[in-house]
Amino acid sequence: IRIGDKYSILVKLDINGLEPNEVGVEFVVARDKGMGETEFVFKKEFTQTIIENNIVVYKLMSIPTDPGIFKIGIRIFPSHPKLPNRQDFSYLTWI
């Protein structure tokens, strides 16, 4: 991964009967601070680009701006206005 280059990330999900607005996908970047601690440095939610039947395609464009060693991940989470935090619900999944 090079600083300044543009990267396109696609995630294709079968939401199996859920409404598309009930599922979110997020890109997360973290850095190891040492002593077992992790610092989250960037997160951005994907946008839905294609919705066909139960298949939803999520897309994110990202341009790295900082040098270093990072941990990156993509998480899928339930989305509802009455859920206070994504992590409070047992259905958060990392891919």
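Residues numbered from 1 in each chain as written. Predicted model: local features only at pLDDT ≥ 70, side-chain atom pairs only at ≥ 80, totals over all residues. Heavy atoms only, no water.

Any chance you could explain the overall build of the chain here in plain terms?
Across its full length, the chain carries zero helices and seven strands. Helices and strands in the chain line up, N terminus first, as β-β-β-β-β-β-β. For the chain, the C-alpha atoms occupy an extent of roughly 40 × 30 × 20 Å along the three principal directions. A burial count over the chain gives 26% of its 95 residues as buried. The long-range share in the chain, meaning contacts at least 24 apart out of those at least 6 apart in sequence, stands at 60%. Accessible surface for the chain amounts to roughly 7,000 Å². Of this, 53% is attributable to carbon and sulfur atoms. Distance between charge centroids for the chain: 5 Å, based on 12 positive and 12 negative side chains. (Helix = DSSP H or I, 4+ residues; strand = E, 2+ residues; numbered from the N terminus. Buried < 20%, exposed > 50% of the residue type's maximum accessible area, 1.4 Å probe, protein only. Contact = heavy atoms within 4.5 Å. Areas by Shrake-Rupley, 256 points an atom, 1.4 Å probe, with all protein chains shown as cover. Lys, Arg positive; Asp, Glu negative; His and termini not counted. Charge placed at Lys NZ, Arg CZ, Asp CG, Glu CD.)

Would you mind showing me how to read the sheet that holds strand 4 (residues 47-52) here?
The pairing of strands in a sheet happens through backbone hydrogen bonds and is either parallel or antiparallel. An order of 1-5-4 is seen for the three strands of this open sheet, with the pairing classed as antiparallel. One side of each edge strand has no neighbouring strand; the edge strands of this open sheet are strand 1 (7-14) and strand 4. Neighbour-to-neighbour, the strand axes of the sheet open up by a mean angle of 20 degrees, direction not taken into account. Bridge analysis of strand 1 against strand 5 (residues 55-62) gives eight bridges, and the strand direction is antiparallel. Each residue of the ladder has a partner; that of Leu 13, found in strand 5, is Val 56. (Pairing = 2+ DSSP bridges. Axes fitted to C-alpha atoms, helices over the stretch in contact; angles between N-to-C directions.)

Just checking my understanding: could you explain the pattern of salt bridges for this structure?
Side chains that differ in sign of charge can pair as their charged atoms come close. Tallying each qualifying case throughout the model produces three salt bridges. Across the pair Arg 2 and Asp 5 runs a salt bridge, and its minimum N-O distance is 3.4 Å. A relative accessible area of 59% means that Arg 2 is categorised as exposed. (Salt bridge = Lys/Arg side-chain N within 4 Å of Asp/Glu carboxyl O.)

Even after reading the chapter, I still don't get the environment of Ile 51, so can you show me in this structure?
Along the chain, Ile 51 turns up in strand 4. On the basis of relative accessibility, which here comes to 46%, the residue Ile 51 falls in the partly exposed class.

Looking at this structure, how should I read the nonpolar core?
In globular proteins that are soluble, nonpolar side chains generally tend to be buried together. In terms of nonpolar packing, the biggest core is built from 14 residues, with Val 11, Leu 13, Val 25, Phe 27, Phe 46, Tyr 58 and Ile 74 touching the most fellow members. Those elements giving two or more residues to this core turn out to be strand 1, strand 2 (23-34), strand 5 and strand 6 (71-78). Here this core gets four residues from one element, more than from any other, and that element is strand 2. (Core = buried A, V, L, I, M, F, W, Y, C linked by side-chain atoms within 4.5 Å.)

What is the right way to read the side chain of Glu 26 from this model?
Relative to the elements of secondary structure, Glu 26 occurs in strand 2. Within the local environment of Glu 26, its side chain forms a polar contact with the side chain of Arg 75, the two groups lying 2.7 Å apart. (Polar contact = N/O pair within 3.5 Å; in protein donor to acceptor, adjacent residues only side chain to side chain.)

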